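The lines below spell out each chain.
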Amino acid sequence: MKRFLIPILIILLLLPTLAFAEDGGDELIMPEGSEHKAQYLQDDDIKTYATLNASVTLMLNGNNRAALIEWQQLPESVTVEYLNEGGELIFSEDCSPQMLMEKYYYEGCAGIRFTCKREMKVSTLRSVSADAALPFALDSSPCDILIILSEAGEESLELGVLLARYGLIYELDIQLCYLREMNRDRIEEALCSLSALGIDRYPLFMNFSREEGAPYNGVSSRWKSGANPRLLATVIETYAPRIVITLDSSEANETPTSRVAAEMAVQAVEALEEKPDKLYRLSAEGGLVFTASEAEFELASDAYLLQDSQRVYRFSVERELRFLAIIEVEGADNSDILSGIDTQTLNSYVTPTPEPTATPSPTPTPEPTQTPTPEVKASPEPTLAPALEEEEAATGGTLIIVAIAAACAAAVVVFIVRRKKK
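Residues numbered from 1 in each chain as written. Predicted model: local features only at pLDDT ≥ 70, side-chain atom pairs only at ≥ 80, totals over all residues. Heavy atoms only, no water.

Student: Which residues make up the environment of Leu194, and what are the values?
Tutor: Tracing the sequence through the fold places Leu194 in helix 5 (residues 184–196). When the C-alpha atoms of Leu194 and Gly153 are compared, they prove to be 9.8 Å apart, with 41 residues separating the residues in sequence. Sequence-distant contacts of Leu194, that is, excluding residues within four places in its chain, are made with Glu155, Leu163, Leu176, Tyr178, Ile199 and Pro203. (Helix = DSSP H or I, 4+ residues; strand = E, 2+ residues; numbered from the N terminus. Contact = heavy atoms within 4.5 Å.)

Here it is, written out as structure tokens:
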């Protein structure tokens, strides 16, 4: 089961990229003044990185080669230029990186140049075979549940018990989407927590500006400007979830980025022509009450403890959640998130095994009262009747008399014999 396995996703993320590197004699062209940082990009250590304020170019040595880049911090956008052998431009594209490790390839190119509007933090840049498979890939297929949050930590602190049930126990197909820009450490923490909660999909990172300490109005004006709202709507359309869940979008939510993320999620869903079956947001006034079991609460708490940067705040995972249904299917009630949805139509659903309940101890059958069997008393030996005793006495007396008579007769015979001899 996924819950007991060491998350393969995280192991591969932390492994050095040596497995994907090949000694092809590639040329790394660093920005002027940053030549000494080239060693950090090719030392097979993801903890070292270079902060660059200008373009970096990787000239490929050989055919069918691609550029493998690992970001220390995901940039909001990057311009990727594919070059020929003379360094001239063949093709360019603007990208919004969503994963820490990405591969860029364009058939026939001899070099690839990366440029960010702001500084970029790169951990690795080297060439690999164009056919090399990355340890993970962004899954853009439809999902069962899409959860839209502001930043890492909210998935386990705010919704951990829900993910423990529907991700780890029910094994639903769940996609996470984070709006706020985060550094590599926070991304890795999110990946660890999600894996511990049974979420296999690689989360989507939208990389909206951090807005450290900004008030609600400031975050709202910046995040809701430009193409961001439409971009979030496109994300929802792409994943085509059956259920969308987000945080509290009311004034009761005192975290500006969290509140704005929830507002944007609700607004994006409501603006869609084809809406999901359900849309929920956290709310103290919500009618759907989700109460976690002891096992679900422990799973969520353990997942939150994997986020070292958050443990210092000593927050506690929420055990009871309340949701307000904004969009609901016909026939659904407030008994469960999945109420009204045929689970057979979901991408993945495992009927949970009911937790065994303690078998009550059987009531002891009363032992039958043992009625004591009356002891069989030995029949007393019959007392000799007095007549018998008298008979025995008479017989004894007769024998004595006979014996005396015999003795007397013998004495008389002896006396007579002696007289004759004289």
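Here the narrative resumes.
Student: Let's hear about the packing of helix 4 (residues 160–169) against helix 9 (residues 294–305): which residues, and what values?
Tutor: In contact at an axis separation of 8 Å, helix 4 and helix 9 are set at 105° when each is read in the N-to-C sense. Taken together, the axes of helix 4 and helix 9 are roughly perpendicular relative to one another. When helix 4 is examined against helix 9, the residues Gly160, Val161, Ala164, Arg165, Leu168 and Ile169 are found in contact with a partner set consisting of Glu296, Phe297, Leu299 and Ala300. Considered class by class, the residues forming the contact of helix 4 with helix 9 number seven nonpolar, one polar and two charged. (Axes fitted to C-alpha atoms, helices over the stretch in contact; angles between N-to-C directions. Parallel < 35°, antiparallel > 145°, perpendicular 65-115°, else oblique. Nonpolar A, V, L, I, M, F, W, Y, C, P; charged D, E, K, R; others polar.)

Student: How would you sum up the sheet that holds strand 1 (residues 27–29)? Please name residues and give values.
Tutor: Spatially, 1-3-8-5-6 is the arrangement adopted by the five strands of the open sheet, whose pairing is antiparallel. Since the sheet does not close on itself, it has two edges, and those belong to strand 1 and strand 6 (89–95), each with one partner. Neighbouring strand axes in the sheet, compared pairwise and without regard to direction, differ in orientation by 15° on average. (Pairing = 2+ DSSP bridges.)

Student: Outline the confidence of the model for the protein chain, listing residues and values.
Tutor: Of all residues in the protein chain, 77% attain a pLDDT of 70 or more, and the chain-wide mean is 82. For residues 1–23, every residue scores under 50 in pLDDT, and the model assigns this stretch 49 contacts once sequence neighbours within four places are set aside. (pLDDT = per-residue confidence, 0-100.)

Student: Break down the packing of aromatic side chains for me, citing the residues and quoting the values.
Tutor: What the rule picks out here adds up to twelve aromatic pairs. The cationic tip of Arg259 hangs over the ring face of Tyr216; the distance from NZ or CZ to the ring centre is 3.7 Å. (Phe/Tyr/Trp six-rings, centres within 6.5 Å; stacked < 30°, edge-to-face > 60°. Lys NZ or Arg CZ within 6 Å of the ring centre and 35° of its normal.)

Student: I'd like a rundown of the sheet that holds strand 14 (residues 278–282), residues and numbers included.
Tutor: Backbone-to-backbone hydrogen bonds join strands into a sheet, with any given pair of strands oriented parallel or antiparallel. An order of 12-11-10-13-14-16-15 is seen for the seven strands of this open sheet, with the pairing classed as mixed. The open sheet has two edge strands, strand 12 (204–208) and strand 15 (288–291), and neither has a second partner. Put simply, the sheet's adjacent strands are angled 25° from each other on average, direction ignored. The strands touched by helix 8 (residues 256–270) within the sheet are strand 10 (145–149), strand 11 (174–180), strand 12, strand 13 (243–246), strand 14 and strand 16 (320–327), with strand 13 carrying the most contacts at an inclination of about 155°.

Student: If you had to explain the pattern of salt bridges to someone new, which residues and values would you point to?
Tutor: The tally for this structure, following the rule as stated, stands at 19 salt bridges. Its salt-bridge partner being Arg113, residue Glu81 comes within 2.8 Å of it at the nearest N-O pair. In this pair, Glu81 sits in strand 5 (residues 78–83) while Arg113 sits in strand 8 (residues 111–115), placing the two residues 32 residues apart along the sequence. Taking relative accessible area as the criterion, Glu81 reaches 17% and is therefore assigned buried. Judged by relative accessible area, Arg113 falls into the partly exposed class, the value being 23%. Among the charged side chains, a network of salt bridges with common partners joins Glu70, Arg184 and Glu188. (Salt bridge = Lys/Arg side-chain N within 4 Å of Asp/Glu carboxyl O. Buried < 20%, exposed > 50% of the residue type's maximum accessible area, 1.4 Å probe, protein only.)

Student: Pulling in residues and values, what's your account of helix 6 (residues 216–223)?
Tutor: The periodicity of an α-helix, 3.6 residues per turn, causes residues three or four places apart in sequence to face the same way. Of all the residues in helix 6, the buried ones are Gly218, Val219, Ser220 and Trp223. Buried residues belonging to helix 6 abut strand 11, strand 12, helix 7 (228–239) and helix 8.

Student: Describe the side chain of Asp248, and please don't skip the residues or the numbers.
Tutor: Examined against the element boundaries, Asp248 turns out to sit in the loop between strand 13 and helix 8. Of note is the side chain of Asp248, whose polar atom sits 2.8 Å from the side chain of Ser250. Looking at Asp248, its side chain comes within polar contact range of the side chain of Arg281, at 2.8 Å. Those residues in contact with Asp248 that sit more than four places away from it in its chain are Asn253, Ser258, Arg259, Ala262, Arg281, Leu282 and Ser283. (Polar contact = N/O pair within 3.5 Å; in protein donor to acceptor, adjacent residues only side chain to side chain.)

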